[in-house]
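# Coordinates in review
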Amino acid sequence: MTSLDELPIRDDLRGKSPYGAPQQTVPVALNVNENTHPIPEDVAHDIIARVAAAILHLNRYPDREFTELRRSLAEYLGHGLEAAQIWAANGSNEVLQHILQAYGGPGRVALGFSPTYSMYGLLASGTGTGWIMAARDDEFEVSTETAVRAVQEHDPDVVLLCAPNNPTGTPLALDTIRAVADAARGVVVVDEAYFEFAEPGTPSALTLLEGRPRLLVSRTMSKAFAFAGARVGYLAGDPAAIDALRLVRLPYHLSALTQAAALGALAHSSEMLAMVDEIRGQRERISAELSRLGFHPYRSGSNFVLFGGVDEPHAVFEALLERGILIREIGIPGHLRVTAGTEAETSAFLEAIALFAPERPNRIAV
Ligand SMILES: *Cc1c(COP(=O)(O)O)cnc(C)c1O
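As recorded by an unreviewed UniProt entry, the protein chain carries the name Histidinol-phosphate aminotransferase and is attributed to Agromyces albus. Of the protein chain, the UniProt comment under Cofactor (unreviewed entry) reads exactly: "pyridoxal 5'-phosphate".

This is the structure:
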C-alpha cells in the first residue's frame, strides 16, 4: 500500500491524524458520550412509518431547504425562534464545518479554549482555517476576563465556545458568553451539544441571539436526544448569518430519510428526552463516588465526567477494557473521561475504577 507521505496530499494535511475515538463492541461502552438508553419502541415504530413513507419518493431529491424540519426544530428550541433562524446538517460536526467554510478559510483564524472538543482543530485544518488554542483557568474554567482577553489578543474570525465543554464538562457562564459575543469582531459559535444535561434552569445562549447577528448557537440530536446514529445537528442564529451557510453546503445535504427520521424523533421529544434526568443523576453519582475514592472529578454540566488523580491512565483504561468497560483517554496526563450510562453500566464502571482508587490501601498496581 502507498503511504500518505508518497501521495500528492495537501501540505497542510501532512502528519495530521483523523478523529479516532476507538469503536469497539464491549458490554459497557462509556467513551463517546452517547445516550446509552435505547429509543422507546413506540417512537421507533413512528419513525419507521415516516421513513417507509419517504422511501416511496426516493426517486426525487429531498427538500433542499428541509423546511418542515426547520419548523420542527424551531418549535423544539422555543425562545420564539422561527424556521428562518434554523440550520441543520448531518451532525453538528457538519454544521460547524459549514460555519468554518463560510466564515473561516485560508488566512483566517478560529479560537477555542484548550482542552476542548478535538473536532474543532480537525475542522479548522480541513477548511484551511488557522486554529488558536487559548488557555483555560484553574480547574479548566474560563472566566469572562480570560475569555475576553484572548479574543482581544487574537482577534479571531470565528470563536468556538463549547458550553458545557468537552472533554472537561465545564459549564460556561452566560455572562462570559455575552461578553465574548460583544467583544468579538467575527462570528461566535456556542456549541451547546450537551445543553439538555445542564442543571434545570440554566439559561441557554439562545437567550442572547436577539440583536447579535454574529452569534450562532449549535445543538445536536446525538447526545441527550439518543439519536447519534441518525446524524442530525442544528443551529440557531440570525437568518442572514444562516443564509451564508447555503453557499457552502452540498445541495440536498440532508437526505429525505434523515429528514423523515428527525421529524419522527422530534414529534416525540419528551419521550426521547425522558432519560435525561436519570442520566444527570448517574453523572452526580459518578462525581460523588470518584471523590470518595480519592480521584479528582471536575464540575460537569454534561453527561460525562472528567477526573484526575489517575497515576497511569493508559494502564487503567486497558484494565477497564479487559473487564468489558470502554472509557476515554483524552490525552490529559493523569486524567480519564467517562460517560454516565444506565444505572447498571455506571455501577459496573464504579466497581471497576474502585480497584485503582488513590484511597484504596492495597489497590491493584497497574
Ligand atoms: C458530540 C459532540 C458534538 C456532536 O457531534 P454530532 O456531529 O452532532 O454527532 C458536537 N460538539 C461537541 C462538543 C460534542 O461533544
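Inspection of the entire model under this criterion finds 20 salt bridges. Residue Arg14 is joined to Asp11 by a salt bridge in which the shortest nitrogen-to-oxygen separation is 3.4 Å. Where Arg219 meets Glu196, a salt bridge forms, and the shortest distance between an N and an O atom there is 3.9 Å. Of this pair, Arg219 sits in strand S7 (residues 215–220) while Glu196 sits in the loop between strand S6 (187–191) and S7; the two residues are 23 residues apart in sequence, bridging distant segments of the chain.

Here the focus is the UniProt feature "domain: Aminotransferase class I/classII large" (unreviewed entry) in the protein chain. Mapped onto the present numbering, the UniProt feature "domain: Aminotransferase class I/classII large" (unreviewed entry) falls on residues 28–353. The straight-line gap between the two end C-alpha atoms of residues 28–353 is 13 Å; of that span, 39% is helix and 16% is strand.

All right, on to the sheet that holds strand S12 (residues 336–339) then. Pairing is antiparallel in the open sheet, where three strands are placed in the order S9-S10-S12. The two strands at the open ends of the sheet, each matched to only one other strand, are strand S9 (296–297) and S12. Sheet topology note: the S9/strand S10 (residues 304–308) ladder contains two bridges and is antiparallel. Paired with His296 across the two strands is Gly308, which belongs to S10. Sheet strands in contact with helix H10 (residues 276–292) are S9, S10 and S12, and its direction is about 10° off that of S10.

Another point: unusual backbone geometry. The step from Ser114 to Pro115 runs through a cis peptide bond, and the omega angle for that step is -5°. With respect to the secondary-structure elements, Pro115 resides in the loop between strand S3 (109–114) and helix H4 (118–126). The amide bond that connects Ala163 to the next residue, Pro164, takes the cis arrangement and shows omega of 0°. For Pro164, the location among the structural elements is in the loop between strand S5 (158–162) and helix H6 (174–183). Positive phi, normally seen in glycine, also occurs at Phe140, with a value near 65°. Counting through the fold element by element, Phe140 comes out in the loop between strand S4 (130–135) and helix H5 (144–154). Residue Arg231 is not a glycine yet carries a positive backbone phi of 65°. Residue placement: Arg231 occurs in the loop between S7 and strand S8 (233–236).

In this section: the UniProt feature "modified residue: N6-(pyridoxal phosphate)lysine" (unreviewed entry) in the protein chain. Look at the UniProt record and you will see "modified residue: N6-(pyridoxal phosphate)lysine" (unreviewed entry) annotated at Lys223. Turning to its location among the elements, Lys223 is positioned in the loop between S7 and S8. Taking the relative accessible area as the measure of exposure, Lys223 reaches 14% and is therefore buried. Dropping the residues within four chain positions of it, Lys223 is found in contact with Val32, Asn33, Asn35, Ala193, Tyr194 and Phe197.

Taken as a whole, the largest pocket spans an internal volume of roughly 870 Å³. Taken together, 40 residues make up the lining of the largest pocket; nearest its centre are Tyr19, Ala21, Val32, Tyr117 and Arg328. Ranked by residues supplied to the lining of the largest pocket, first place goes to H4 with three residues. A breakdown of the residues in the lining of the largest pocket according to their chemical character gives 18 nonpolar, 16 polar and six charged. Per-domain counts for the lining of the largest pocket show at least three residues from each of domain 1 (20–39 + 274–356) and domain 2 (41–267). For the second largest pocket, the calculated volume is near 310 Å³.

So, how was this worked out
- Residues numbered from 1 in each chain as written.
- Predicted model: local features only at pLDDT ≥ 70, side-chain atom pairs only at ≥ 80, totals over all residues.
- Heavy atoms only, no water.
- UniProt positions renumbered as here; feature names shortened; annotations may be inferred.
- Salt bridge = Lys/Arg side-chain N within 4 Å of Asp/Glu carboxyl O.
- Helix = DSSP H or I, 4+ residues; strand = E, 2+ residues; numbered from the N terminus.
- Pairing = 2+ DSSP bridges.
- Contact = heavy atoms within 4.5 Å.
- Axes fitted to C-alpha atoms, helices over the stretch in contact; angles between N-to-C directions.
- Buried < 20%, exposed > 50% of the residue type's maximum accessible area, 1.4 Å probe, protein only.
- 1 Å grid on protein atoms, 1.4 Å probe; cavity = no way out; pocket = protein on both sides within 12 Å on 5 of 7 lines; lining within 4 Å.
- Points joined across faces, edges and corners; volume = space filled by probe spheres on them.
- Nonpolar A, V, L, I, M, F, W, Y, C, P; charged D, E, K, R; others polar.
- Domains from an automatic or database assignment.

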